[in-house]
Amino acid sequence: MTISYKWLSEYLPVTVDPERLSRILTSIGLEVESMYKYEEVKGGMKGLVIGEVLSAEKHPNADKLTLTKVNTGNGDSLQIVCGAPNVAAGQKVVVATVGTTIYPTEGDPLTMKVAKIRSVESYGMICAEDEIGLGTSHAGIMVLPEDVKVGTPAVDYFQPFDDIIYEIGLTPNRMDAMSHWGVARDICAYLNHHDKADIKPKLPNNNGFKVDNTSLPVEVVIENDKACPRYSGVSIANVAVKESPKWLQQKLKAIGLRPINNIVDITNFIQHETGQPLHAFDADRIGGKKVVVKNLPESSPFVTLDEKERKLSADDLMICDATEGMCIAGVFGGLHSGVTDTTKNIFLESAFFDGITLRKTSFRHGLRTDAATRFEKGTDISATVNVLKRAALMIKELGGGEIASEVVDVYPAKKDKTEVAVKWHYIKKLSGKNYHPDAVKNILTSLGFEMIKEGIDEIRVSVPYHKPDISLPADIVEEIVRIDGLDNIEIPDAITITPAVEENYSAEVYREKVANYLAGLGFNEMMTNSITNAAYYSEEEQQSMVKMINSLSAELNIMRNSLFETSLEVVAHNLNHKNNSLRLFEFGKAYSTSGAAKPALPAGRYTELDRLAIVISGNKTEDNWKQKAVASDFYLLKGTAEAIFRSLGILDIAVETVAVPKLDNYLVFKYNREIIGGTGEVKKTVLSKFGIKQPVYYAEFSWAQIAAIAAQQNRKVKELPKYPAVQRDISMVVPKELAWEQVEQTVQKVKISTLQEVRLFDIFESEKLGAGKKSVAVNFTFLDEQKTLTDKEIDGWMNKIMTSLEKELSAEIRK
């Protein structure tokens, strides 16, 4: 929500400093996310001055340049070389002197320096309007009226608009603060409570409203009063659609809106002033002079303002005339019913629409408008007529014309105000503060609440229509605490808590252990969005994925089935910011459907899985005085994964190479023949889709399985072995394509209980070994905790191992 300081101040009876106002807004729950100065002309025209051209002569070395003498009011004339064709002696002009920075309408800022132009020094610049941000014309320099005083700062002459802008982070329930007047109401409540003031926000004036004639009546019929409980409208004839006055354009520009014409600008102004969206129809295009609020049949075609034909849902609420649809209610206008430059008569709509209905329509068609946002959060159902009158008066003032009908107000079932009772002891219990009853009443009445009953034990209040979210005693306490300020809650001498007792906490313990271990290895934890882009996945993959019905955007429309794609997004983001050496991990969730994908499944048909992802890319070590950079590789990631298993006491892990679509050299980890994870190198074709040009190694594990397996392990502490370990090495020639896990599996089949570790420590390839051959060197570690091993025992085991390798793998043991 964007708030203008100057605009907001128009509704405040007292002046509040911008800095204090920022603190007040944050204190009352309207968090100021940013506060900045807005300048209609960038740079605020600082340094620009009004000058007079004393002389204008042809440049001695250039036909299209003019050498001028300019008086800027400081006693000395400046020599300025000017390229404008319209410069002449006697003109009053805008001058940028040396040291002044100008901000063009388009392009980068430029600071004036003494410059030599065709061998002649120039001490500044005579400016065109586009060169100082006042317009777009570059046909020539700006020539001002003759009566302008020389030496006048340009900012004093042009008086460009400036303002202080607040960007407020609104919570979804604060529809009452989605307007300048609503924010002013909260500020007045704060000042009444803290400064002991007695003020109310200034109400927008509609006292001058009167019907001029009834020449343009429009009948209104509501067929769906659940989706539209109230609809108000009025006709205005003989209006002139034209450019808005400067003050209105400046207000809209300051909050980021583009002025269009006086009618549209007034509806936007009213929306940001009061929070009530309006819509203006061309009254001459309303068929049968009748407005019908209803639903059209499923798949009815409708062309919206953006010239797109949309197929309507039977649930979409429409504003129709006697024959066809004119507007998607509260969301988006139609192409043929809106106000144009030729419009003479308008019908102005001010309505209350059901938020849930409009939100579904808005997301269904991908139309996220300011009006839809306000309606879906809730508007003030009691304000439709007052706001309508306010807008009609502004249209008469800025566009002429006359009120050509009575106000039509169709309100089938008047909504009663919500009543809430809250006990005094409950206020103290929930807030932690003992409020005086007068302070509570002052806060609530300042916010628009009405006191119905005041008792010794409780008070009963009626809730204003502009606060539809309030229905519980806790809501009332929240309003009191919000205005009083959370910083003013007293801290008690003692706090009583009941510690939580968690039964299945082991998974979190293991998660913390692994996270700390990875952090110790230099990894950084990442957090990615579970919602991702369906474009990453094939149609076949999407069959078992959870698709979003109301997606946040076109790029966030499906729930991920693994952490792979979102991890690559993080890698790409870091590489784009020149962070090239990455070690990342994430504990996240992946989602899938049980069966074929459908638009919606009942509860229980979706699966949510805890996953652990690890990503490595770039260098393992960087260049330094002692050694060159060492690139990360597949084995670094594989070793990290194995170290995680060991840290959790999971030792009996089997590995197997399999082929997968998105990774090369993919190695799966198995426990009791069940796959619990895998690791590999991301294929270049996949990396190219993310704009990644360096190798990336990726591993993903089923964390739920790993945590469950870790919980089953019987870990014991034992003393260090008393007897020494013995190591033996062998070198053997094997087929070049032989994978290391085949060697490990073959050795394990021998089942030697004293064999502690099998380690590959060298690979050698040469034509001398024979075609398709390689030599591998393997180290074996033996240990018996009960005695010292003898050479005879070890030689016997080694012979068994070598015989098995020769038989199973056709290995040739090198002597």
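None of the values given here were measured: they were computed from a predicted structure.

Brief notes about the overall build of the protein chain
Okay, so step 1: When its secondary structure is counted, the protein chain shows 20 helices and 43 strands.
Okay, so step 2: Taking 2.2 N^0.38 as the reference for a compact globule, 815 residues should give roughly 28 Å; the C-alpha atoms of the protein chain span a radius of gyration of 38 Å, well beyond that estimate.
Okay, so step 3: Residues counted as buried form 47% of the 815 residues belonging to the protein chain.
Okay, so step 4: Residue pairs at least 24 apart in sequence account for 70% of intrachain contacts in the protein chain once pairs closer than 6 positions are excluded.
Okay, so step 5: Split by element, the accessible area of the protein chain, about 42,400 Å² in all, is 49% carbon and sulfur.

Things to note about the sheet that holds strand E43 (residues 812–814)
Okay, so step 1: Strand order in the open sheet formed by four strands is E41-E42-E40-E43, with antiparallel pairing between adjacent strands. The sheet terminates laterally at strand E41 (755–764) and E43, the two strands that pair on one side only. On average, each strand axis in the sheet is tilted by 30° relative to the strand beside it, whichever way the strands run.
Okay, so step 2: Bridging between strand E40 (residues 726–735) and strand E42 (residues 773–782) involves ten bridges; their strand directions are antiparallel. Considered in E42, the bridge of Gln-727 is made with Thr-781.
Okay, so step 3: Lying on the sheet, helix H19 (residues 740–749) is in contact with E40, E41 and E42; it crosses E41 at an angle near 150°.

A few points about the layout of surface pockets
Okay, so step 1: Its volume calculated, the largest pocket comes out at about 2,100 Å³.
Okay, so step 2: At eight residues, H19 tops the list of elements feeding residues into the lining of the largest pocket.
Okay, so step 3: Tallied by class, residues from the lining of the largest pocket come to 22 nonpolar, nine polar and 15 charged.
Okay, so step 4: Within this model, the second largest pocket holds a volume of roughly 960 Å³.

A short note on the nonpolar core
Okay, so step 1: The biggest cluster of nonpolar side chains holds 70 residues, and the ones touching the most others in it are Leu-25, Ile-187 and Ile-476.
Okay, so step 2: Broken down by element, the residue count for this core peaks at eight residues, all from helix H4 (residues 180–194).
Okay, so step 3: Judged by nonpolar contacts, the second largest core, of 35 residues, contains Ala-283, Leu-296, Leu-312 and Phe-332.

Quick notes on the packing of aromatic side chains
The description of an aromatic ring pair rests on the distance of the ring centres and on the angle between the ring planes.
Okay, so step 1: For the structure on display, the rule yields 15 aromatic pairs.
Okay, so step 2: Ring centres 6.0 Å apart and planes at 90° place the aromatic pair Trp-247 and Phe-269 in the edge-to-face group. You can see Trp-247 sitting in helix H5 (residues 246–254) and its partner Phe-269 sitting in helix H6 (residues 262–274), a full 22 residues away along the chain.
Okay, so step 3: Here the guanidinium or amino end of Lys-6 rests over the ring plane of Phe-161, the centre of that ring lying 5.0 Å away.
Okay, so step 4: Between Arg-368 and the ring centre of Phe-363, over which it is positioned, the NZ or CZ distance is 4.3 Å.

Focus on the pairing of E42
Okay, so step 1: Here E42 lies mainly inside the structure; nine of its ten residues are buried.
Okay, so step 2: Direction of pairing for E41 relative to E42: antiparallel, over a ladder of eight bridges. In the sheet register, Val-758 faces E42, and the bridge partner there is Phe-780.

Some points on the pattern of salt bridges
Okay, so step 1: In total, this model carries 36 salt bridges according to the counting rule given.
Okay, so step 2: Here Arg-285 and Asp-282 are joined by a salt bridge, their closest N and O atoms 3.9 Å apart.
Okay, so step 3: Residues Lys-467 and Glu-479 are paired through a salt bridge, measuring 3.0 Å at the closest nitrogen-oxygen approach. Note that Lys-467 is positioned in the loop between strand E27 (458–462) and helix H12 (473–484) and Glu-479 in helix H12, a separation of twelve residues in sequence.
Okay, so step 4: Each of Arg-174, Asp-176, Asp-186, Lys-467, Glu-479 and Arg-482 takes part in salt bridges that share partners, so that together they form one network.

Notes on a negative patch on the surface
Okay, so step 1: Among the surface-exposed residues, Glu-502, Glu-508, Glu-512 and Glu-525 lie close enough to one another that they form a single negatively charged patch.
Okay, so step 2: Note that Glu-502 resides in the loop between H12 and helix H13 (506–520).

Some details on the state of the cysteines
Okay, so step 1: Within the structure shown, the criterion is met by zero disulfides.
Okay, so step 2: No disulfide involves Cys-327; its nearest neighbouring cysteine sulfur is the one of Cys-320, lying 9.5 Å away.

Observations concerning the sheet that holds strand E11 (residues 125–126)
Okay, so step 1: Ordered by their spatial adjacency, five strands build an open sheet running E5-E4-E3-E6-E11, and the pairing between neighbours is antiparallel. The open sheet has two free edges, formed respectively by strand E5 (77–82) and E11, since each of these has just one partner strand.
Okay, so step 2: In terms of strand pairing, strand E3 (residues 48–58) meets strand E6 (residues 92–96) through five bridges, oriented antiparallel. Note on E6: the bridge partner recorded for Val-49 is Val-95.

Structural notes on H13
Okay, so step 1: In this model, H13 (15 residues) spans 21 Å end to end at C-alpha, consistent with the 21 Å of a helix rising 1.5 Å per residue.
Okay, so step 2: Along H13, the positions that sit buried rather than exposed are Tyr-510, Val-514, Ala-515 and Leu-518. Around the axis of H13, the buried residues are gathered within 135° of arc, so they sit on the same side.
Okay, so step 3: Each element contacted by the buried residues of H13 is listed here: strand E32 (582–593), strand E33 (606–617), helix H16 (634–647) and helix H18 (703–712).
Okay, so step 4: Gly-522, located one to two residues past H13, shows a positive phi value of around 95°.

What counts, and at which threshold
Residues numbered from 1 in each chain as written. Predicted model: local features only at pLDDT ≥ 70, side-chain atom pairs only at ≥ 80, totals over all residues. Heavy atoms only, no water. Helix = DSSP H or I, 4+ residues; strand = E, 2+ residues; numbered from the N terminus. Rg over C-alpha atoms; globule rule 2.2 N^0.38 Å. Buried < 20%, exposed > 50% of the residue type's maximum accessible area, 1.4 Å probe, protein only. Contact = heavy atoms within 4.5 Å. Areas by Shrake-Rupley, 256 points an atom, 1.4 Å probe, with all protein chains shown as cover. Pairing = 2+ DSSP bridges. Axes fitted to C-alpha atoms, helices over the stretch in contact; angles between N-to-C directions. 1 Å grid on protein atoms, 1.4 Å probe; cavity = no way out; pocket = protein on both sides within 12 Å on 5 of 7 lines; lining within 4 Å. Points joined across faces, edges and corners; volume = space filled by probe spheres on them. Nonpolar A, V, L, I, M, F, W, Y, C, P; charged D, E, K, R; others polar. Core = buried A, V, L, I, M, F, W, Y, C linked by side-chain atoms within 4.5 Å. Phe/Tyr/Trp six-rings, centres within 6.5 Å; stacked < 30°, edge-to-face > 60°. Lys NZ or Arg CZ within 6 Å of the ring centre and 35° of its normal. Salt bridge = Lys/Arg side-chain N within 4 Å of Asp/Glu carboxyl O. Patch = residues over 30% accessible without salt bridge, like charges linked within 9 Å, V, L, I, M, F, W, Y side chains within 5 Å. Lys, Arg positive; Asp, Glu negative; His and termini not counted. Charge placed at Lys NZ, Arg CZ, Asp CG, Glu CD. Disulfide = S-S within 2.5 Å. Expected span 1.5 Å × (residues − 1). Arc of directions from axis to C-beta.

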